[in-house]
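One-letter residues, chain by chain:
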Amino acid sequence: MSEAAHETTTVAIIGAGPAGLTLANLLRTAGVDCVVVERQSRAYVEQRQRAGVLEHRAARMFEEWGLADRVLQDSRTDGVQEFRVDGRPRFLPIADLAGGKFGRILPQQFLVQRLITAFQEDGGDLRFGCQDVTLERPGSERPVVTYRDEDGRPHEIEADYLAGCDGFHGVSRRSVPEAEQTIYAYDHGIGWFTVLADVPPPRHPMFAVSAHGFAAHFPRGPRSSRFYLQCAPGEDLDAWDDRRIFDQLRLRIGDPDLPAGAVLEKAVVDMRSFVVDPMSYGRLFLVGDAAHIITPMGGKGMNLALADAEVLAKAVRSAVRDGDAQPLRDYSKTCLDRTWSYQEFSRWMTEMLHDSGDPATSGPFRHKIARARLDRLFTSPNAGGLFSDLMAGEA
Ligand code: APR
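From a predicted model like this one, the values you see are computed outputs, not experimental measurements. (Residues numbered from 1 in each chain as written. Predicted model: local features only at pLDDT ≥ 70, side-chain atom pairs only at ≥ 80, totals over all residues. Heavy atoms only, no water.)

Topic: the sheet that holds strand 4 (residues 76-77)
Ordered in space as 3-7-4, the three strands form an open sheet in which the pairing is antiparallel. What marks the edges here is a single partner per strand, and that holds for strand 3 (53-54) and strand 4. With two bridges joining them, strand 3 and strand 7 (residues 104-105) adopt antiparallel strand pairing. The partner of Leu-54 across the bridge, within strand 7, is Arg-104. (Pairing = 2+ DSSP bridges. Helix = DSSP H or I, 4+ residues; strand = E, 2+ residues; numbered from the N terminus.)

Written as structure tokens, this is what we have:
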């Protein structure tokens, strides 16, 4: 067996999803040396379609770090959220209610492609196809990442800090002794059937509430849409052919004229939440999905990952440039405070929009409560304002 190539860096980043790539770009901008190791190929990560909404807070972050020109580009903005209640449209002017702040439509694959390009244009070190990635001595002063490259050659990177940005199924969180972590896991008992289709986008992002069950319609490009339909957890994908998908959407949205289109992708997502506390162990810092999973309701998964990345980038910059390690010691608490606030928002919205559907599912009492909660967004500027601030990521 050949001897491992030994290198050193300031931050070794494991994973090139939204979290790892954002962190890499911010560190590079801050003049901090880093290396990114990613298990998959570049083509794979660039094509993965998942999240699609960048909150106002995240857009401002890219502006402040001087990356907006290369990252935000043509991202569409929308200051209005539609709630289609029993087929009747209600429009909430969320940008006005949030004092001019608004989210942007930026499909994850575009964000990832742009972050890869920006990092590489600036001379960043990003390695795809890294196999058997392991974290050695993450609790020590000199942790090491090892992997095999595509030709099977072993490598080891000794770093001052490790950033575990390798998602929920990655190796980073599992490298921390179980006794050092408290896990909070919650199953919401709801499934979402998600569909990507060649259907013109809606005028505004839309949540539809009716006795037929929850549905949502979001733009994903000039000619494509992402739909969500409430379903049983673990629902059988084969039970949904294209005809059933569009029949159900027309019923739930209350629009018999909704055009059908080619279904490009479908999947069932079980709504669940997960948080690990603390988000650090020694010199290892967990970022994004490696530390927490949130339901897709409210579009916060990718945004939380980006927020963690910025907290860590600033903390490492303080430690390296100013010799101040306090922000690194505070990293976990800073990120967990936001994580729990977003978990609460996502859960609150999930209850409001599912319980106000079929009273036979939620029970008549919860159904009435959920309808009152939804109504209040339109009747109370304070309630509408808080909702809009939370959507913008600034509450
Ligand atoms: N070694 C190296 N890389 C790994 C390993 C490993 N052992 N395991 C996983 N990875 C890579 C994955 O291939 C992926 O590219 O880590 C990356 C993790 O990316 P994500 O799962 O997208 O997680 P994150 O960057 O935290 O983004 C989280 O973005 O997709 C949205 O809403 C979604 O909440 C999610 C958010």
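A word on the sheet that holds strand 15 (residues 225-231)
One open sheet holds the eight strands; their spatial order is 6-5-13-14-15-12-16-19, and the pairing between them is mixed. Lying at the two open borders of the sheet, with one neighbouring strand each, are strand 6 (88-92) and strand 19 (292-293). Each of strand 5 (81-85), strand 12 (182-197), strand 13 (206-209), strand 15, strand 16 (263-277) and strand 19 is contacted by helix 9 (residues 326-355), which is oriented at about 130° to strand 16, the strand it contacts most. (Contact = heavy atoms within 4.5 Å. Axes fitted to C-alpha atoms, helices over the stretch in contact; angles between N-to-C directions.)

Comments concerning the packing of helix 3 (residues 56-64) against helix 8 (residues 301-322)
The contact between helix 3 and helix 8 brings their axes to 10 Å, and the two run at 35°. Along this stretch, helix 3 crosses helix 8, giving a crossing that reads as left-handed. Contact with helix 3, carried on its side by Arg-57, Ala-58, Met-61, Phe-62 and Glu-64, involves Asn-303, Leu-306, Ala-307 and Glu-310 of helix 8 and no other residues of that element. Tallied by class, residues from the contact of helix 3 with helix 8 come to five nonpolar, one polar and three charged. (Left-handed = near helix turned anticlockwise from the far one by under 90°. Nonpolar A, V, L, I, M, F, W, Y, C, P; charged D, E, K, R; others polar.)

Looking at unusual backbone geometry
Looking along the chain, the bond that leaves Asp-277 and enters Pro-278 is cis, with omega of 0°. If you check the backbone angles, Asp-86 has positive phi at about 50° while not being a glycine. With respect to the secondary-structure elements, Asp-86 resides in the loop between strand 5 and strand 6. Non-glycine residue Arg-137 carries a positive phi angle of around 50°. When you line up the elements, Arg-137 lands in the loop between strand 9 (131-136) and strand 10 (144-148). Note on Arg-137: relative accessible area 47%, which makes it partly exposed. (Buried < 20%, exposed > 50% of the residue type's maximum accessible area, 1.4 Å probe, protein only.)

Some points on the pairing of strand 1 (residues 5-14)
Where strand 1 lies against strand 11 (residues 154-164), nine bridges are found, and the strand directions are parallel. Across the sheet, residue Ala-12 finds its bridge partner in strand 11, namely Leu-162. Sheet analysis places strand 1 next to strand 2 (residues 34-37), joined by four bridges and oriented parallel. Across the sheet, residue Ile-13 finds its bridge partner in strand 2, namely Val-36. As for the winding sense of the linkage, the β-α-β connection from strand 1 through helix 1 (residues 18-29) to strand 2 is right-handed. (Right-handed = clockwise from strand over helix to strand, strands pointing away.)

Let's talk about the domain arrangement of the protein chain
Under the domain assignment, the protein chain is made up of domain 1 (5-79 + 102-184 + 273-345) and domain 2 (186-272 + 356-392). Of note, the centres of domain 1 and domain 2, computed from C-alpha atoms alone, are 30 Å apart. Contacts between the two partners involve 23 residues from domain 1 and, on the opposite side, 20 residues from domain 2. For the pairing of domain 1 and domain 2, the buried interface totals around 1,800 Å² over both sides, and the portion due to carbon and sulfur atoms is 59%. Applying the counting criterion to the domain 1 and domain 2 interface returns zero salt bridges. Our count for the contact surface shared by domain 1 and domain 2 stands at seven residue pairs in polar contact (both at pLDDT 80 or more). Elements that contribute at least two residues to the side of domain 1 that touches domain 2 include exactly helix 3, strand 16 and helix 9. Taken together, the residues of the side of domain 1 that touches domain 2 sort by class into 11 nonpolar, six polar and six charged. (Domains from an automatic or database assignment. Buried area = accessible area lost by both parts, 1.4 Å probe. Salt bridge = Lys/Arg side-chain N within 4 Å of Asp/Glu carboxyl O. Polar contact = N/O pair within 3.5 Å; in protein donor to acceptor, adjacent residues only side chain to side chain.)

Some points on the pattern of salt bridges
Under the definition given, this model contains 31 salt bridges. One salt bridge in this structure joins Asp-125 and Arg-127, with 2.8 Å as the shortest N-O distance. With a relative accessible area of 27%, Asp-125 lands in the partly exposed category. By relative accessible area, which is 15% here, Arg-127 ends up buried. For the salt bridge of Asp-337 with Lys-333, the shortest nitrogen-to-oxygen distance reads 2.7 Å. Of this pair, Asp-337 and Lys-333 both sit in helix 9, four residues apart, roughly one helical turn. You can call Asp-337 partly exposed: its relative accessible area is 45%. The network of salt bridges with common partners includes Glu-55, Arg-57, Lys-300, Glu-310 and Lys-314.

Let's talk about the site of the ligand
Neighbouring residues of the ligand: 26 residues in total, closest Ala-19, Glu-38, Arg-48, Gln-108 and Asp-289. Between the ligand and Pro-18 there is a distance of 3.2 Å, counted from an oxygen atom to a backbone nitrogen or oxygen. Arg-48 is positioned with one of its side-chain polar atoms (N or O) 2.9 Å from an oxygen atom of the ligand. Looking at the shell around the ligand, the element that brings in the most residues is helix 8, giving three residues. Per-class residue counts for the shell around the ligand are 12 nonpolar, eight polar and six charged. (Near = heavy atom within 4 Å.)

Here's the deal with the nonpolar core
Within the largest apolar cluster, 73 residues are counted, with the highest numbers of intra-cluster contacts made by Val-11, Ile-13, Leu-23, Leu-27, Leu-54, Phe-62 and Leu-312. The leading source of residues in this core is helix 8, at 10 residues. Formed by 23 residues, the second largest nonpolar core is a distinct cluster that contains Phe-214, Ala-216, Tyr-228 and Leu-374. (Core = buried A, V, L, I, M, F, W, Y, C linked by side-chain atoms within 4.5 Å.)

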